[in-house]
Amino acid sequence: MTVHFVGAGPGAADLLTVRAVRLLERADVVVYAGTYLDAEVLASCRDGARLVDTQDLDLDRITAELVDAHAAGLEVVRLCSGDPSLYSAVHEQARRLDAHGVPWDVTPGVPAYAAAAARLGAELTVPEVVQSVVLTRTQARSTAMPAGESLAAFAATGATLALHLAITRTRELAAELAASYGADCPVAVVANASQPREVVLRGTLGDIADQVESAGLRQAAVILVGRALAEDVRGAESYLYDAERDRSAKRR
């Protein structure tokens, strides 16, 4: 048997991939992040499956659940919020599974920042406005950021920022980012994207902290910062679809 790390997406059950649903339907044990997932996501689990909520478990106890289930010959799904490639602790868990000789694989999911952008109807890369997206977080009650990955350095590029795990520091971050983007720079905050309790806030670096504090947001939120978020943003037309583009050249 294999331990399957599966991206549950941002929360809505209908944003699970087809592969994720199939894995859940046949799993004997589902170890899931209850803090961030909507309960309807678990509706795809078969009757009789053992469901383990990890919100009160440390990494060693989570690993023990996975290893013990594998040893018993059971099919195991480790359900991660969003996409496993971002802030999922898959690296640490996989390293522990390797030490125990337990095979594993990964099924991607819809990342929270993509669900937030979809809710806003925003493209994060608008031609001649911004063509890069930085996915990052900040340090609060968490592991230290690597040297060289300062928020100021990212902000200096002018890229669209997608800040995860940062909602409790919105006021401090907005003040820091305003030095590069300007206080009038558009900002959007989407909490619990795609879930029934979803909250969407739009503003600027100058006023977003007041909105976040008034809404009482404390977790499960993505902060998007950048000029591409302006509701009246005007960029260039994409060259890919330009009517004047020569389409007769042989593709390489």
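Residues numbered from 1 in each chain as written. Predicted model: local features only at pLDDT ≥ 70, side-chain atom pairs only at ≥ 80, totals over all residues. Heavy atoms only, no water.

- An unreviewed UniProt entry lists the protein chain under the name Precorrin-4 C(11)-methyltransferase, with Mumia zhuanghuii as the source organism.
- UniProt's Pathway (unreviewed entry) comment on the protein chain is quoted here verbatim: "Cofactor biosynthesis; adenosylcobalamin biosynthesis." (UniProt positions renumbered as here; feature names shortened; annotations may be inferred.)

### Points about the nonpolar core
- Counting residues in each nonpolar core, the largest one holds 25 residues, and the members touching the most others are Leu 161, Leu 177, Tyr 181, Val 189, Leu 205, Ile 223 and Val 225.
- Of all the elements, helix α6 (residues 170-181) adds the most residues to this core, at 4 residues. (Core = buried A, V, L, I, M, F, W, Y, C linked by side-chain atoms within 4.5 Å. Buried < 20%, exposed > 50% of the residue type's maximum accessible area, 1.4 Å probe, protein only. Helix = DSSP H or I, 4+ residues; strand = E, 2+ residues; numbered from the N terminus.)

### Quick look at the packing of helix α2 (residues 59-71) against helix α3 (residues 90-99)
- α3 packs onto α2 with a crossing angle of 50 degrees between their chain directions and a minimal axis gap of 10 Å. Looking at the two axes, α2 sits oblique to α3. The element α2 and its partner α3 pack so that their crossing is right-handed. Between α2, through Leu 59, Asp 60, Ile 62, Thr 63, Leu 66 and Val 67, and α3, the contact on the second element is made entirely by Glu 92, Gln 93, Arg 96 and Leu 97.
- Of the residues assigned to the contact of α2 with α3, the class counts are 5 nonpolar, 2 polar and 3 charged. (Axes fitted to C-alpha atoms, helices over the stretch in contact; angles between N-to-C directions. Parallel < 35°, antiparallel > 145°, perpendicular 65-115°, else oblique. Left-handed = near helix turned anticlockwise from the far one by under 90°. Contact = heavy atoms within 4.5 Å. Nonpolar A, V, L, I, M, F, W, Y, C, P; charged D, E, K, R; others polar.)

### Topic: the sheet that holds strand β1 (residues 3-7)
- Judged by pairing direction, the sheet is parallel, and its 5 strands sit side by side in the order β3-β2-β4-β1-β5 without closing on themselves. Looking at the sheet topology across the chains shown, the edges are occupied by β3 (50-53) and β5 (104-107). Here the average twist between neighbouring strands, direction ignored, is 20 degrees.
- Of the strands in this sheet, β1, β2 (29-32), β4 (76-80) and β5 are in contact with helix α1 (residues 18-26), which crosses β1 at around 135 degrees.
- Sheet strands in contact with α3 are β1, β4 and β5, and its direction is about 175 degrees off that of β1. (Pairing = 2+ DSSP bridges.)

### Some details on the environment of Ala 221
- Relative to the assigned elements, Ala 221 resides in strand β10 (residues 221-225).
- Measuring from C-alpha to C-alpha, the distance between Ala 221 and Pro 186 comes to 17 Å, with 35 residues separating the pair along the chain.
- For Ala 221, the contacting residues outside a window of four places in its chain are Leu 163, Leu 165, Ile 167, Val 189, Val 190 and Ala 191.

### Observations regarding a nonpolar patch on the surface
- Where nonpolar side chains cluster on the molecular surface, the patch consists of Tyr 36, Tyr 87 and Leu 165 and spans about 290 Å² of accessible area.
- Mapped onto the secondary structure, Tyr 36 falls in the loop between β2 and β3.
- A relative accessible area of 31% means that Tyr 36 is categorised as partly exposed. (Patch = residues over 30% accessible without salt bridge, like charges linked within 9 Å, V, L, I, M, F, W, Y side chains within 5 Å. Areas by Shrake-Rupley, 256 points an atom, 1.4 Å probe, with all protein chains shown as cover. Salt bridge = Lys/Arg side-chain N within 4 Å of Asp/Glu carboxyl O.)

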